[in-house]
Amino acid sequence: MNTKIRVSKRSERFHPQPMFEIMRLAKYYELKGNKIIHLEIGDTSNFENKKLSNLIKKNVNKKNLGYTLSQGDFLLRKEISNQYNKKIRKKINEDNVVISPANALVTTFLSIIADKKDSILIPDPGFPTYQLSCEALGLKKIFYRLNKKNSHIPQIDEIENKIKKNKKRLKAIIINTPSNPLGNVIPIDTVGKIFKLAKKYNIYCIFDETYKNLIYLSKNHLYTYFENLILIHTFSKEAAVPGLRMGFGIAHERIISRAANLNSLFFSCQPLFIQKSIHEYIKTPNKFTKKLKESLKLRSAKCTSILQMSDKIEFVKPEGGIFIFINISKLGLDGNEFSKKLLDKKHVCVCPGLNFGPSGVNYVRINLAGDEKELYRGCKSIVDLANSL
């Protein structure tokens, strides 16, 4: 039968994240009997969080397996708002909070604040979902640079010029600190200046704080909340439970109510037993995230010392988060070519950098949070391959 399968033009704008594409290729090698070192995806589940695991086991019961509010469990949202009120200079409440996977919230919030052909300012390099969400929603991507020349810090003059040039249809700027994939931390005074620009030009600032509790040397930022600020955070990385897909957004009640409506449309609600477990977990102090941060700091130092054994590669030394972004431009290969060659020759899987922005074409990203011994072997394999080319 030669039936033509018809799909919408809209669906042609849906593209996968690059780390899952390279992981799919790695699975092919594993099916052929090869042992693969996985450094491609930002998975922290190698660190066992016994406290949270025990809470989940306790809360898997009949009363917690039913439906709950699409916006999220009231007590969890209340606890999140209470904790944020200690950090920001404006009173927020549970109506300002929605429970949802952080990755999904990028698309959710962009769909709420922007219409087709509107523009969004996004970092280059930056988390691939920023680009992919814009493409899926038909939004124009405008990049601001995070490069070696500007110490990988957003340049206020560049951002303001791009806001002025595109002010008719520009709806938001996205900032992310610590950066995925760079691992650098934006200074708090720069964050404040970006907030001022957002207020001045009446655009939204989407502040992705996924790795805010994994900054190696400094404390968390204190900043002022304002009505056009949209915060995104997740428990996935810092609690080492990425598979639970448990994050939250904080924004104006009007935006949050629409986000809850989208939750209702797509998945009704997040599992109540997980929300109950997270609520109990964050109510009481725990040392897990602190230990995870210290381990990542040590791993980062060890990996950078290994990678420095090749003068053919360069990288940004991370200040937080779980990644190292490696420049392989001296090898005469782009990130896709190097990733495939590394997988084929050394059985090490890394994430190509192209989908992190135009500047990422000659980069690959590695995850610091997997198996420790495999991480160091993987870094040595990167150095060996680089030195052989």
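Please refer to the structure higher up on the page.
Described below are features of the structure shown in this document. Since the model is a prediction, treat every value here as computed from it, not as a measurement.

What counts, and at which threshold
- Residues numbered from 1 in each chain as written.
- Predicted model: local features only at pLDDT ≥ 70, side-chain atom pairs only at ≥ 80, totals over all residues.
- Heavy atoms only, no water.
- Axes fitted to C-alpha atoms, helices over the stretch in contact; angles between N-to-C directions.
- Helix = DSSP H or I, 4+ residues; strand = E, 2+ residues; numbered from the N terminus.
- Parallel < 35°, antiparallel > 145°, perpendicular 65-115°, else oblique.
- Left-handed = near helix turned anticlockwise from the far one by under 90°.
- Contact = heavy atoms within 4.5 Å.
- Buried < 20%, exposed > 50% of the residue type's maximum accessible area, 1.4 Å probe, protein only.
- Pairing = 2+ DSSP bridges.
- Phe/Tyr/Trp six-rings, centres within 6.5 Å; stacked < 30°, edge-to-face > 60°.
- Lys NZ or Arg CZ within 6 Å of the ring centre and 35° of its normal.
- Expected span 1.5 Å × (residues − 1).
- Arc of directions from axis to C-beta.

### Points about the packing of helix α2 (residues 50–59) against helix α9 (residues 272–283)
Where α2 contacts α9, the axes come no closer than 9 Å and their chain directions differ by 135°. Taken together, the axis directions place α2 and α9 in an arrangement best described as oblique. Note on packing geometry: the crossing formed by α2 with α9 is right-handed. Contacts between α2 and α9 involve Lys51, Leu52, Leu55, Ile56, Lys58 and Asn59 from the former and Phe273, Lys276, Ser277, Ile278, Glu280 and Tyr281 from the latter.

### Quick word on the environment of Asp311
You can see Asp311 is positioned in the loop between α10 (288–307) and β9 (314–315). Its relative accessible area of 61% is what places Asp311 among the exposed residues. In the structure, Asp311 is positioned 46 residues away from Gly357 in sequence and 24 Å away in space, judged by C-alpha atoms.

### A look at the sheet that holds strand β2 (residues 97–99)
Spatial ordering of the open sheet is given by β2-β8-β7-β6-β5-β3-β4, a layout of seven strands whose pairing is mixed. Pairing within the sheet leaves two strands with one partner each, and these edge strands are β2 and β4 (140–145). Ignoring which end each strand starts from, the neighbouring axes of this sheet average 20° apart. Sheet topology note: the β2/strand β8 (residues 247–250) ladder contains three bridges and is antiparallel. Following the sheet pairing, Val98 is matched in β8 by Gly249. Each of β5 (170–176), β6 (204–208) and β7 (229–234) is contacted by helix α7 (residues 188–200), which is oriented at about 150° to β6, the strand it contacts most.

### A short note on the packing of aromatic side chains
What the rule picks out here adds up to nine aromatic pairs. Consider the rings of Phe325 and Tyr363, whose centres lie 4.5 Å apart with planes at 10°: the pair is stacked. Pair noted here: Phe325 is in strand β10 (residues 323–327) and Tyr363 is in strand β13 (residues 363–367), with a separation of 38 residues, a long-range link. The exposure classification of Phe325 matches that of Tyr363, with both residues buried. The rings of Tyr84, Phe235 and Phe248 are connected pair by pair, giving a single aromatic cluster. Sitting over the ring of Tyr376, Lys302 keeps its end group 4.2 Å from the ring centre. For the cation-ring pair, Arg365 lies above Phe323, with the distance from its terminal atom to the ring centre recorded as 3.7 Å.

### Comments concerning α7
An ideal rise of 1.5 Å per residue puts 18 Å on 13 residues; α7 measures up with 18 Å between its terminal C-alpha atoms. Restricting attention to buried positions, one finds in α7 the residues Thr190, Val191, Ile194, Phe195, Leu197 and Ala198. Taken around the axis of α7, the buried residues stretch over an arc of 160°, which confines them to a single face. Summarising the geometry of α7, the exposed residues directed more than 90 degrees from the buried face are Lys196 and Lys200. Buried residues in α7 make contact with α6 (156–165), β5, β6 and β7. Following α7 by one or two positions, Asn202 adopts a phi angle in the positive range, close to 55°.

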